[in-house]
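Residues per chain are reported as follows:
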Amino acid sequence: MKRRRKRLAQPVDRQPSGPQGTQLFSTEDLRRYAYDAGYVSDGVASAHEPVLEGIGKGFENLRFSLRAGRQTIGRASNNDIVVDESSVSASHGWIINQQGHCVIMNTLSTNGTFVNDKRIHEATLKHGDHIRLGQAEFVFLTREIGPPRPARLTWIAGGLLVLIGLAALAWRLI
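The structure reproduced in this document is the subject of the present report. (Residues numbered from 1 in each chain as written. Predicted model: local features only at pLDDT ≥ 70, side-chain atom pairs only at ≥ 80, totals over all residues. Heavy atoms only, no water.)

Comments concerning the overall build of the protein
Thought 1: The helix and strand tally for the protein stands at two helices and eleven strands.
Thought 2: Evaluated residue by residue, the protein yields a buried proportion of 28% over its 174 residues.
Thought 3: In the protein, 33% of the contacts between residues at least 6 apart in sequence involve partners at least 24 apart.
Thought 4: Entry remark: accessible area of the protein is about 13,200 Å², with carbon and sulfur atoms responsible for 56%. (Helix = DSSP H or I, 4+ residues; strand = E, 2+ residues; numbered from the N terminus. Buried < 20%, exposed > 50% of the residue type's maximum accessible area, 1.4 Å probe, protein only. Contact = heavy atoms within 4.5 Å. Areas by Shrake-Rupley, 256 points an atom, 1.4 Å probe, with all protein chains shown as cover.)

Here is the structure:
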């Protein structure tokens, strides 16, 4: 008896296969798949996933989460972090986030990379460091600025204490 193989449905806009049937994806497709799969950060700064926050003119509302590993930064659209500013080189630098330490490296950019107003080739970043790529300015955050937010566990513990207090009061009244 012959067995028929089931063929999986392929999307109409499928990219051509590479050597040995390897599926090829564009950068935009990969970003969309990562977003759909839930791998996009919520943008909250933490020691595990620090944030670059724009502070220069025109960059006030930009926040880039720095996931683990190496990320490229520059003006070209194929970078992990795209900074749309003419003074930023197409491939300006790298930011490497490994084991709780972030290092920024300049990759021979035209206008240089500065950390706390010192031109660098490579520097380890600390919370609050000011980073300038050409004329684009950012601050490196490993925690949110302002009053700390209560942890979820604190809310749960507080809620339990309130319930216990209400139960004790109800017991006395009965």
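Brief notes about the pattern of salt bridges
Thought 1: By the definition in use, this model includes two salt bridges.
Thought 2: As a salt-bridge pair, Glu53 and Arg63 come within 2.4 Å of each other at their nearest N and O atoms. Residue Glu53 is located in strand β1 (residues 51–54), and its partner Arg63 is located in strand β2 (residues 63–65); the two are separated by ten residues in the primary sequence.
Thought 3: Classification of Arg63 as partly exposed rests on a relative accessible area of 32%.
Thought 4: Note that Asp80 and Arg67 form a salt bridge whose closest N and O atoms lie 3.7 Å from each other. In this pair, Asp80 sits in the loop between β3 (69–74) and β4 (81–82) while Arg67 sits in the loop between β2 and β3, placing the two residues 13 residues apart along the sequence.
Thought 5: Asp80 sits in the partly exposed class, given a relative accessible area of 33%. (Salt bridge = Lys/Arg side-chain N within 4 Å of Asp/Glu carboxyl O.)

Here we look at the environment of Arg70
Thought 1: Here Arg70 is to be found in strand β3.
Thought 2: Accessibility expressed as a relative area gives 46% for Arg70, which makes it partly exposed.
Thought 3: Sequence separation of Arg70 and Val103 is 33 residues, and the distance between their C-alpha atoms is 9.3 Å.
Thought 4: Leave out the neighbours within four places in its chain, and Arg70 touches Asp80, Trp94, Ile95 and Ile96.

Concerning the side chain of Asn106
Thought 1: By the secondary structure assignment, Asn106 is in strand β6 (residues 101–106).
Thought 2: Among the polar contacts listed, one links the side chain of Asn106 to the side chain of Ser109, at a separation of 2.6 Å. (Polar contact = N/O pair within 3.5 Å; in protein donor to acceptor, adjacent residues only side chain to side chain.)

Section: the environment of Val83
Thought 1: Structurally, Val83 is set in the loop between β4 and β5 (93–98).
Thought 2: Here Val83 falls in the buried class, since its relative accessible area comes to 0%.
Thought 3: Along the primary structure Val83 and Leu133 are separated by 50 residues, whereas in three dimensions their C-alpha atoms are 9.0 Å apart.

Some details on the sheet that holds β1
Thought 1: Pairing within the open sheet is antiparallel, and its six strands lie in the order β2-β1-β11-β10-β7-β8. Every other strand in the sheet has two partners, leaving β2 and β8 (118–120) as the edge strands with one partner each. Here the strands of the sheet are splayed against their neighbours by 30° on average, with no regard to which way each runs.
Thought 2: Across four bridges, strand β10 (residues 130–133) lies against strand β11 (residues 136–141) in antiparallel orientation. If you follow Arg132 over to β11, its bridge partner there is Glu137. (Pairing = 2+ DSSP bridges. Axes fitted to C-alpha atoms, helices over the stretch in contact; angles between N-to-C directions.)

Description of the nonpolar core
Thought 1: One finds Leu52, Val83, Ile104, Ile131 and Phe138 to be the most contacted residues of the largest nonpolar core, which totals 20 residues.
Thought 2: Only β6, β9 (122–125), β10 and β11 provide two or more residues apiece to this core.
Thought 3: A per-element tally of this core places β11 first, with three residues.
Thought 4: In this view, Ile104 contacts Trp94, Ile95, Thr113, Val115, Ile120, His121, Glu122, Ala123, Leu125, Ile131 and Leu133; residues no more than four positions away in its chain are not counted. (Core = buried A, V, L, I, M, F, W, Y, C linked by side-chain atoms within 4.5 Å.)

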